[in-house]
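Chain and residue survey
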Amino acid sequence: MWLVWFVFNSSLSFNLIFQVGILDFCKIFYSMKQIKVSAPGKVILFGEHAVVLGKTSIATALSLRTNATVEQIEEPVLHILLPDLKDFGERKYSLSDLSKLNSYNSINEIDCFVPRECNAEFLDALSQLESIKGIQSVLFLFSVLSKLKHGIKIHFSSNLPMGAGLGSSASFNVCLVTGILSLFEIYACGGCDQCKKINSSSGTTNNVPCSKQLELINQWSLQGEKIMHGTPSGIDNAVSTYGSALTFTRKDGFKNLERIPPLRLLITDTRVSRSTKVLVENVINRHKQYPSLIEPVAVLIDTISKECLQAFDQYFNDHNDINQLQKTIELMIDMNHSLLSGCFGVGHSTLDMIASVSKRFDLHSKLTGAGGGGCAITLLKPSTDSETVNNLKSALKEHGFESWEATIGGQGVIIESSTNSSN
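Computed from a predicted structure; not experimentally measured.

For the rest of this paragraph, the subject is the confidence of the model for the protein chain. On average, residues of the protein chain score 88 in pLDDT, and 90% of them reach the 70 mark or higher. Here residues 1–20 is a poorly scored stretch, pLDDT under 50, and it has 23 contacts once near neighbours within four places are set aside; other chains count.

This part takes up the pattern of salt bridges. Summed over all chains, the structure comprises 13 salt bridges. The residue K42 makes a salt bridge to D236 at a minimum N-O spacing of 3.3 Å. Taken as a pair, K42 in strand β1 (residues 34–46) and D236 in helix α11 (residues 235–242) lie far apart in primary sequence, 194 residues in all. Between R264 and E405 there is a salt bridge whose closest N-O contact spans 2.8 Å. You can see R264 sitting in strand β8 (residues 264–269) and its partner E405 sitting in strand β11 (residues 402–407), a full 141 residues away along the chain. By relative accessible area, E405 is classed as partly exposed at 36%.

This part covers α11. When you tally the buried positions in α11, you get six out of eight residues, the bulk of the element. The complete set of buried residues in α11 reads I235, N237, A238, V239, S240 and T241. Looking at the buried positions of α11, the neighbouring elements they touch are β1, β2 (57–73), α8 (168–183), α10 (211–229), β6 (245–249) and β7 (253–257). At the exit of α11 stands G243, carrying a positive phi of roughly 75 degrees.

The strand order across the open sheet built from four strands is β9-β10-β8-β11, with neighbouring strands paired in antiparallel fashion. What marks the edges here is a single partner per strand, and that holds for β9 (364–368) and β11. Taking the axes of each pair of neighbouring strands and ignoring which way they run, one obtains an average angle of 25 degrees across the sheet. Sheet topology note: the β9/strand β10 (residues 375–380) ladder contains five bridges and is antiparallel.

The next subject is unusual backbone geometry. Residue H49 is not a glycine yet carries a positive backbone phi of 70 degrees. Within the fold, H49 resides in the loop between β1 and β2. Given a relative accessible area of 5%, H49 falls into the buried group. For R271, which is not glycine, the phi dihedral falls at a positive 65 degrees. Take R271: it is sitting in the loop between β8 and α12 (276–289). By relative accessible area, R271 is classed as exposed at 54%.

The subject of this paragraph is the packing of helix α15 (residues 349–359) against helix α16 (residues 386–397). It is the contact of α15 with α16, at a shortest axis distance of 10 Å, that shows an interaxial angle of 145 degrees. Note on packing geometry: the crossing formed by α15 with α16 is right-handed. From α15, I354, V357 and S358 reach across to α16, where they touch L392, A395 and L396. Here the contact of α15 with α16 is built from residues that sort into five nonpolar, one polar and no charged.

What counts and how
Residues numbered from 1 in each chain as written. Predicted model: local features only at pLDDT ≥ 70, side-chain atom pairs only at ≥ 80, totals over all residues. Heavy atoms only, no water. pLDDT = per-residue confidence, 0-100. Contact = heavy atoms within 4.5 Å. Salt bridge = Lys/Arg side-chain N within 4 Å of Asp/Glu carboxyl O. Helix = DSSP H or I, 4+ residues; strand = E, 2+ residues; numbered from the N terminus. Buried < 20%, exposed > 50% of the residue type's maximum accessible area, 1.4 Å probe, protein only. Pairing = 2+ DSSP bridges. Axes fitted to C-alpha atoms, helices over the stretch in contact; angles between N-to-C directions. Left-handed = near helix turned anticlockwise from the far one by under 90°. Nonpolar A, V, L, I, M, F, W, Y, C, P; charged D, E, K, R; others polar.

And the structure:
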């Protein structure tokens, strides 16, 4: 142990011990414990909006991720650093002030192993303290999980665009929950070898918590999503937690896909803001008014999702024939985009422009997520070289769009390192 070497090999350590005392000396080192976590964003391949009508959607993890460093500190505050959030920077929230908020006592009594949503009274008190929904989520999750026993500092960074339908808030919440649970050694499994190894003082790299711990992370991050979005489906936080890909229906919930082909995407942000809630309500109302027209469209979109799953299976069963898979997915992308835009009415001129520009490069694009702006995905070919990708990005940039290349189906939340200066 590094601390043992330091104590017995440095005359300075004895002076420090006599000045601050043994307990405070140990706290100095323990307070520097640090957890580094990352979690992916998500993209919906097929099934958006039809899912609210009971149909199948397919979502997958992205290589674009949110990162968080969670560190225990001596100062009795929650110190949040969010340099990617405009005009936020960093802020501190006193543990004493949080403990005095209305209904904190009831929040404090919540069992950490039984995730529950924030009650209205405490949420109202949080809104008086902080207007940003995402920070209210942080304050709630920190309060309920740490019981305000110790101050921590959290530094967030991300290469995911915010508010673009790529699951940035879910990856944010998953990182937060994972970091806090690990820092305070709160284990749904009771502390199995896998989780203890990750959280050991020896430091580890790219480790995944056990299945029970992942479920706890998933359920607590959903509570944060509820604060930010009201009634989320849970797709985003599930993908961010478990990674790979999943299917979702309102009847059966989500089911993880064990394998997903290595597809390449270019994700383009239209930079057009929109209300997911309004777009979803419009689709539901259109279905109510014209059920004989809209229901067959929803069924067709459901069929596209299921055909996609069959194409994935065929890819793995037919010696990884990526060219056949590419042709099949390209056709589905064109069909799904047309149905969503024309029949469901969630298209936008910017999304059509992205599809048009990508066609010039013999590539296929569709809206992803809520539509009405937001993001589009372009399926890159295995043979698409970096020069072509850069030319496409430049062509899209001329229209005011921003793009990122990404792969799908990667890891969910991982603890990249767990270190303690007492080593």
